[in-house]
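Residues per chain, in single letters:
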Amino acid sequence: MIAPPEPGLTEREIVERAVALRPALLERQAETEQLTHYSKDTHDDFLRAGFYRMLQPRRYGGYEFGVPAFYRVVTEIARGCPSTGWSLSLGAAHALQVASVFEERAQDEIFGPDGDFRAASTVVPVGVARPDGDGHVVLDGTWPYSSGAPHSTHYLGQTLRAPEQPGGPPGPWVLFVAPRTVWTVLDDWHGVLGLRGSGSNSVHMEQARIPAHFTREASLLDLPVEGGSTGSELHGNPLYAGRAPSFFQGELAAIMIGTAYAAVDEYARIVAARPLVLEPDRTRAELHDYQRNLGEALGAIGTAEAALRHNAEDWMETCRRNVRGEAPFTLAEDNRLALVFVTAGRMAWDALQSVIFRTAGSRYARDGERMQRYFRDAATCWSHVGPTMAEPLARRVGCDRLGLPSAHIPLIP
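Residues numbered from 1 in each chain as written. Predicted model: local features only at pLDDT ≥ 70, side-chain atom pairs only at ≥ 80, totals over all residues. Heavy atoms only, no water.

Visitor: What should I look at first to understand unusual backbone geometry in this one?
Guide: Note: most residues except glycine have negative phi, and most peptide bonds are trans. Note the cis peptide between Gly 112 and Pro 113, where omega equals 0°. Relative to the helices and strands, Pro 113 resides in the loop between helix H8 (104–111) and strand E1 (119–121). Although it is not a glycine, Thr 36 adopts a positive phi angle of roughly 75°. For Thr 36, a relative accessible area of 7% gives the class buried. Of note, the phi angle at Gln 207 is positive, near 50°, even though the residue is not glycine. Relative to the helices and strands, Gln 207 is located in strand E7 (residues 200–211). (Helix = DSSP H or I, 4+ residues; strand = E, 2+ residues; numbered from the N terminus. Buried < 20%, exposed > 50% of the residue type's maximum accessible area, 1.4 Å probe, protein only.)

Here you go:
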């Protein structure tokens, strides 16, 4: 057992800490983009605040906070700096999958000895996993878009089982955890439109040997948890008996909503400070159009946030029903929850790009302006593989409601 740093820390307190960090994150935005990842100062702030341990099991020094609290923290951090919110979320979140599917022996070693754990990841399988005959598996390859890699202690990756016969087809997907000692971060997160400070570097491995029990034949896009999971039994918490794809979509929605709120904050500052051309003693804040724009955006983003929070509670309740044996957490439930999260993210994106950015004024689309940064970050977020699943998810949910097969509909082209 590893005691958490602050055993009495509450969900409310950790959300308040995220809100309190907003001014510092705002000031560090440009530096974060220049570094291509958030700074050591921010990393130290996160360590002290306990953000990396939110979803981590208590037996391994974590807090086991629920998914709703996690999303609220991510939203607040993204409101201070979208790149930082993205990197924090995609680095801290994977404690949930590791604690859900890996056996006790593996978790003891992965989270031990002090509970210091952060894991970047990516959804695409790379290379093959080759057993070395000595209880280890050898990995080779380069895993791109590994957000949060610069501050990660581990890597949660996917690969394929090596062919049984030379020249044969590779085996099934393999999920693995690789400690920081066996991989390197490539300095290749440059030249991107947005999320420039998200630390979404590639991770490279050459003849990386990891224990065989650090692997599972499974895919992050399809982790069956019907009736419970290894993690829910080990930790006595249904939090670890949920399917991953809908949870991932919730992360992206939280980031998009936080980014939209950041754009609204900047819009309010802009219109309150910008004088009218013909009446310089008045500002745009006094004009009905800008008041309406701000109100419409706040209404849409607030609705998106309400959907995010309600759906996060629904996700938790689906886990609880699953463990209690009342109703399994099926693929159909995963589809339903994921689609609501995607829709919430779309609402926030639409408000940001069609109302806030469009009417803020072209001078705020220049380099160095926060409004430009928020638009770039949100546009890049919306181009992620997660939001591109919206149409196939909608089709799946429609088929599920009609009693038709849906599992054959691919989420990734």
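The discussion continues.
Visitor: How should the packing of aromatic side chains be read in this particular structure?
Guide: Across all of its chains, the model carries 21 aromatic pairs by this definition. Ring geometry for Trp 143 and Phe 176: centres 5.6 Å apart, planes at 70°, overall edge-to-face. In this pair, Trp 143 sits in strand E3 (residues 136–147) while Phe 176 sits in strand E5 (residues 173–179), placing the two residues 33 residues apart along the sequence. We classify Phe 176 as buried; its relative accessible area is 0%. Judged by centre distance (6.4 Å) and plane angle (40°), the rings of Tyr 155 and Phe 176 are tilted. Here Tyr 155, found in strand E4 (residues 154–161), pairs with Phe 176, found in strand E5; they are 21 residues apart in sequence, far enough to count as distant. Taken together, the ring pairs in this structure connect Phe 70, Tyr 71, Phe 247, Phe 248, Trp 315, Phe 329 and Phe 341 into an aromatic cluster. Just above the ring of Tyr 52 sits the side chain of Arg 118; from NZ or CZ to the centre is 4.8 Å. (Phe/Tyr/Trp six-rings, centres within 6.5 Å; stacked < 30°, edge-to-face > 60°. Lys NZ or Arg CZ within 6 Å of the ring centre and 35° of its normal.)

Visitor: Can you walk me through the environment of Gly 386 in this structure?
Guide: Structurally, Gly 386 can be placed in the loop between helix H13 (370–382) and helix H14 (390–402). As for Gly 386 and Arg 284, which are separated by 102 residues in sequence, their C-alpha atoms are 37 Å apart. Excluding its chain neighbours within four sequence positions, the residues that come into contact with Gly 386 are Gln 249, Leu 252 and Val 342. (Contact = heavy atoms within 4.5 Å.)

Visitor: Sorry, what's going on with the pairing of E5 here?
Guide: For a regular strand, the rule is simple: side chains alternate between the two faces of the sheet. Counting buried residues in E5 gives five out of seven residues, a clear majority hidden from the surface. Looking at chain direction, E4 and E5 are connected through seven bridges and run antiparallel. In the sheet register, Thr 159 faces E5, and the bridge partner there is Val 174. Relative to strand E8 (residues 215–216), E5 is paired through two bridges, and the arrangement is antiparallel. Residue pairing in the sheet places Phe 176 in a bridge with Thr 215 of E8. (Pairing = 2+ DSSP bridges.)

Visitor: How do you make sense of the packing of helix H5 (residues 67–80) against helix H6 (residues 82–92) when you look at a structure like this?
Guide: Between two packed helices, the angle of one axis relative to the other and the distance separating the axes together describe the packing. Packing of H5 against H6 leaves a shortest axis separation of 6 Å and a crossing angle of 150°. Taken as axis vectors, H5 and H6 run roughly antiparallel relative to one another. Touching Phe 70, Val 73, Val 74, Ile 77, Ala 78 and Gly 80 of H5 are Pro 82, Thr 84, Gly 85, Leu 88, Ser 89 and Ala 92, all from H6. When grouped by side-chain class, the residues that make up the contact of H5 with H6 number eight nonpolar, four polar and no charged. (Axes fitted to C-alpha atoms, helices over the stretch in contact; angles between N-to-C directions. Parallel < 35°, antiparallel > 145°, perpendicular 65-115°, else oblique. Nonpolar A, V, L, I, M, F, W, Y, C, P; charged D, E, K, R; others polar.)

Visitor: Mind showing me how you'd approach H13 here?
Guide: Within an α-helix, residues lying three or four positions from one another point in the same direction, as the helix has 3.6 residues per turn. The end-to-end C-alpha separation of H13 is 18 Å, in line with the 18 Å expected for 13 residues at 1.5 Å each. With ten of 13 residues buried, H13 lies mostly within the body of the structure. Met 371, Gln 372, Arg 373, Tyr 374, Arg 376, Asp 377, Ala 378, Ala 379, Thr 380 and Cys 381 are the residues of H13 that are buried. Looking at the packing, one finds that the buried side of H13 touches helix H2 (22–27), helix H3 (29–35), H6, helix H10 (244–273) and helix H12 (331–360). (Expected span 1.5 Å × (residues − 1).)

Visitor: What am I meant to see in the side chain of Gln 249 here?
Guide: As for its placement among the helices and strands, Gln 249 is situated in helix H10. On the basis of relative accessibility, which here comes to 5%, the residue Gln 249 falls in the buried class. Apart from the residues lying within four places of it in its own chain, the contact partners of Gln 249 are Ala 338, Phe 341, Val 342, Gly 386, Pro 387, Met 389 and Leu 393.

Visitor: It is not clear to me how the pairing of E3 should be interpreted in this structure. Could you clarify?
Guide: Two elements, strand E2 (residues 128–131) and E3, share three bridges in a ladder whose sense is antiparallel. Residue pairing for E3: Arg 130 is matched across the bridge by Val 138. Linking two consecutive strands that pair antiparallel, namely E2 and E3, is a turn of four residues; a positive phi of about 80° is found at Gly 133 within it. For E3 and E7, the ladder comprises nine bridges, and the chain directions are antiparallel.

Visitor: Would you explain the packing of H10 against H13 in this entry?
Guide: For the pair H10 and H13, interaxial distance at closest approach is 10 Å and the crossing angle is 160°. Comparing their axes, H13 and H10 come out roughly antiparallel. Considering the relative orientation of H10 and H13, their crossing is left-handed. Contact residues: Leu 252, Met 256, Thr 259, Ala 262, Ala 263, Glu 266, Tyr 267 and Ile 270 in H10; Arg 370, Met 371, Tyr 374, Ala 378, Cys 381 and Trp 382 in H13. (Left-handed = near helix turned anticlockwise from the far one by under 90°.)

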